[in-house]
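So you can see what is in the structure, the chains are spelled out below.
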Amino acid sequence: MTAPSSTDQPSSLSLCPPDVLNDDPAGIGLRYPYYQDILDTPPAVGWMEVHPENYFGGGVHRHFLTKIRERYPLSLHAVGLSLGSTQAVSEEHLRLFKALIEIYQPFAVSDHASWSASGNAHLNDLLPLPYTSETLDALCRNIERTQEYFGRKILVENPSTYVAFKNNEMTEYEFMNAAARRTGCGLLLDINNIYVQSRNHGFDAYAYIDAINAQAVGEMHLAGHTERPAGNGVIVVDTHNRPVRDTVWDLYTHAVKRFGRVPTLIEWDQDFPALETLVGEAAKARQILFAHAPDRLPHAAE
């Protein structure tokens, strides 16, 4: 790796408004094995997304993020705000996150409809919520707190879950729609998560997409999953370690027809392949976006 520079501030930062993504709305997750390859041979993708928590500490990771941000629009996709917790979002986490926003000027900022913190305990997972009015209130309070602190709208991602709660008062899509309606946030629709849950919980993935408020969707995610034996059947796990399955591409095509040319990310978080594999997956997403959503970006992504 190249030695870090003395500053984390991009030297020639130009903000990339969402309209620039009309030319290439397909992006990839920026992960450490690809830093130098991306600088040496910039791949043909429209944008990149990172987990901001990996860059709070500065150092070599921040150095490469700075260099790559000078070439690509950026989205910051958090995993640590714990928006679904009954306790308030950590002000220290918000402070560190906002500092990155001010430096890198991402076109989108997001986190998940889940929880990962309780008291002094911070868990390395995105844990599920029961879909009740009580948890909706807690989620909305934290979304509103985050948006007020950042001074901007955020996107909230639908989770990937492996248990369902008996006391659910609404469906997941009703829960997500209600959060967007009450807080004004946008939705980051993870298509693989919807497919995984449809298999694990036995609902119609296409009906889920049809029920989502299309005006709220500002970004979509795609990833690979794994099927594992469980009792007399299988459980589908959102592993992010393989190509997108054909069934998920089909579901994504349906989503593009409904939501339009929404910026779409290929996620791959373990068992990293060659960079060319991710770029190839992004090319598939781009082809679907232009084939089935020939118009400009929808209002929700602006």
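Our structure's up above, just so we're on the same page.
Description of the structure in this document. The model shown is predicted, which means the values in this text are computed figures rather than measured ones.

What follows is about the packing of helix 4 (residues 133–150) against helix 5 (residues 172–183). Working note: a packed helix pair is described by the angle between its axes plus the distance between those axes. At a closest axis distance of 10 Å, the pairing of helix 4 and helix 5 adopts a crossing angle of 40 degrees. Between helix 4 and helix 5, the crossing angle belongs to the class labelled oblique. Viewed along their axes, helix 4 and helix 5 form a crossing whose handedness is right-handed. Facing helix 4, whose interface residues are Thr135, Leu136, Asp137, Leu139, Cys140, Ile143, Glu144 and Gln147, helix 5 presents Phe175, Ala178, Ala179, Arg182 and Thr183.

Its boundaries defined by the atoms lining it, the second largest pocket holds a volume of some 290 Å³. What lines the second largest pocket is a set of 18 residues, among which Tyr131, Thr171, Glu172, His201 and Phe203 lie closest to the centre. Of all the elements in the fold, those that place two or more residues in the lining of the second largest pocket are helix 5, helix 6 (191–201) and helix 7 (205–211). By residue class, the composition of the lining of the second largest pocket is 11 nonpolar, 5 polar and 2 charged.

Burial analysis of strand 4 (residues 108–112) places 5 of its 5 residues in the buried class, the great majority of the element. Of the two faces of strand 4, the one holding Ala108, Ser110 and His112 and the one holding Val109 and Asp111 are both buried throughout. Judged from the 3 bridges that link them, strand 3 (residues 74–77) and strand 4 form a sheet pairing that is parallel. Bridge pairing in strand 4 places His77 opposite Ser110.

Next up on the list: the nonpolar core. If you look at the biggest cluster of nonpolar residues, it comprises 78 residues, and the most contacted ones within it are Ile191, Met220 and Tyr252. Beyond its immediate stretch of four places on either side in the chain, Met220 contacts Leu188, Leu189, Ile191, Tyr252, Ala255, Val256, Phe259, Gly260, Val262, Pro263, Thr264 and Leu265. One finds Trp47, Ala108, Leu155 and Leu265 within the second-largest nonpolar core, a separate group that totals 7 residues.

Pairing between the strands of a sheet comes from backbone hydrogen bonds, and it takes one of two forms, parallel or antiparallel. Pairing is parallel around the closed barrel formed by 8 strands, whose spatial order is 1-2-3-4-7-8-9-12. When strand polarity is set aside, the average angle formed by the axes of neighbouring strands in this sheet is 30 degrees.

A word on the pattern of salt bridges. Close approach of charged atoms allows side chains with opposite charge to pair. Using the criterion set out here, one finds 6 salt bridges in the structure. Notably, a salt bridge pairs Arg182 with Asp137, separated by 2.9 Å at the nearest N-O pair. One end of the pair, Arg182, is in helix 5; the other, Asp137, is in helix 4, and 45 residues separate them in sequence. A residue is classified by how much of its surface remains accessible, and Arg182, at 43% relative accessible area, is partly exposed. Here Glu227 and Arg199 are joined by a salt bridge, their closest N and O atoms 3.0 Å apart. With a gap of 28 residues between them, Glu227 in strand 10 (residues 226–230) and Arg199 in helix 6 connect regions that are remote in the sequence. Looking at Arg199, the relative accessible area reads 35%, which means it is partly exposed.

Conventions we followed
Residues numbered from 1 in each chain as written. Predicted model: local features only at pLDDT ≥ 70, side-chain atom pairs only at ≥ 80, totals over all residues. Heavy atoms only, no water. Axes fitted to C-alpha atoms, helices over the stretch in contact; angles between N-to-C directions. Helix = DSSP H or I, 4+ residues; strand = E, 2+ residues; numbered from the N terminus. Parallel < 35°, antiparallel > 145°, perpendicular 65-115°, else oblique. Left-handed = near helix turned anticlockwise from the far one by under 90°. Contact = heavy atoms within 4.5 Å. 1 Å grid on protein atoms, 1.4 Å probe; cavity = no way out; pocket = protein on both sides within 12 Å on 5 of 7 lines; lining within 4 Å. Points joined across faces, edges and corners; volume = space filled by probe spheres on them. Nonpolar A, V, L, I, M, F, W, Y, C, P; charged D, E, K, R; others polar. Buried < 20%, exposed > 50% of the residue type's maximum accessible area, 1.4 Å probe, protein only. Pairing = 2+ DSSP bridges. Core = buried A, V, L, I, M, F, W, Y, C linked by side-chain atoms within 4.5 Å. Salt bridge = Lys/Arg side-chain N within 4 Å of Asp/Glu carboxyl O.

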